[in-house]
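Next come the chains, spelled out residue by residue.
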Amino acid sequence: QVQLVESGGGLVQAGGSLRLSCAASRSIFSFNLMRWYRQAPGKQRELVASLTNGGNTNYLDSVKGRFTISRDNAKDSVYLQMNNLKPEDTAVYYCNVRPITSLTTTYWGQGTQVTVSS
């Protein structure tokens, strides 16, 4: 089992920045894929950013150039730096990781609310 604890959400004005954190209960070296998803009210959950163990990143088109996913091995944490936030970024953001030992099992955090006012 893996526990993920997210933090860093909040209310921010359009154009502002937030940094989301996801702290894992074990070494992030045990994960081969780390991702941030989001889910807005009435919408499906969507993949925002992903980071592989090898350092490859991918982003949702609408956040490219504004969001950055990163990791801190010493703190067993994954981050999502969000700049130039827009009202359409408002959602609950979830951290998700896939252990190296599994092709199908992933673990989710509890989510953190991000609200961007216009």
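Look up: the structure comes first, before these words.
J.: I'd like a description of the nonpolar core, backed by residues and values.
T.: Leu4, Trp36, Phe67, Leu80, Met82, Tyr93 and Val97 are the most contacted members of the largest nonpolar core, which totals 29 residues. Mapped onto this core, the elements with two or more residues apiece are strand E3 (18-24), strand E4 (31-39), strand E5 (46-52), strand E7 (67-72), strand E8 (77-82), strand E9 (91-99) and strand E11 (112-117). In this structure Met82 touches Gly16, Ser17, Leu18, Leu20, Arg66, Phe67, Tyr93 and Val114, once residues within four positions along its chain are discounted.

J.: Talk me through the pattern of salt bridges; I want residue IDs and the actual numbers.
T.: With the rule as written, the count across this model stands at four salt bridges. When the shortest N-O distance is used, the salt bridge between Arg38 and Asp89 registers 3.0 Å. Of the two residues, Arg38 is situated in strand E4 and Asp89 in the loop between E8 and E9; the sequence distance between them amounts to 51 residues. Asp89 shares its class with Arg38; the two are buried. Of the charged contacts in the structure, one is a salt bridge between Asp61 and Lys64, with a shortest N-O distance of 3.0 Å. Bridged by salt links that share partners, the residues Arg38, Glu46, Arg66 and Asp89 form one connected network.

Quick notes on the rules
Residues numbered from 1 in each chain as written. Predicted model: local features only at pLDDT ≥ 70, side-chain atom pairs only at ≥ 80, totals over all residues. Heavy atoms only, no water. Core = buried A, V, L, I, M, F, W, Y, C linked by side-chain atoms within 4.5 Å. Buried < 20%, exposed > 50% of the residue type's maximum accessible area, 1.4 Å probe, protein only. Helix = DSSP H or I, 4+ residues; strand = E, 2+ residues; numbered from the N terminus. Contact = heavy atoms within 4.5 Å. Salt bridge = Lys/Arg side-chain N within 4 Å of Asp/Glu carboxyl O.

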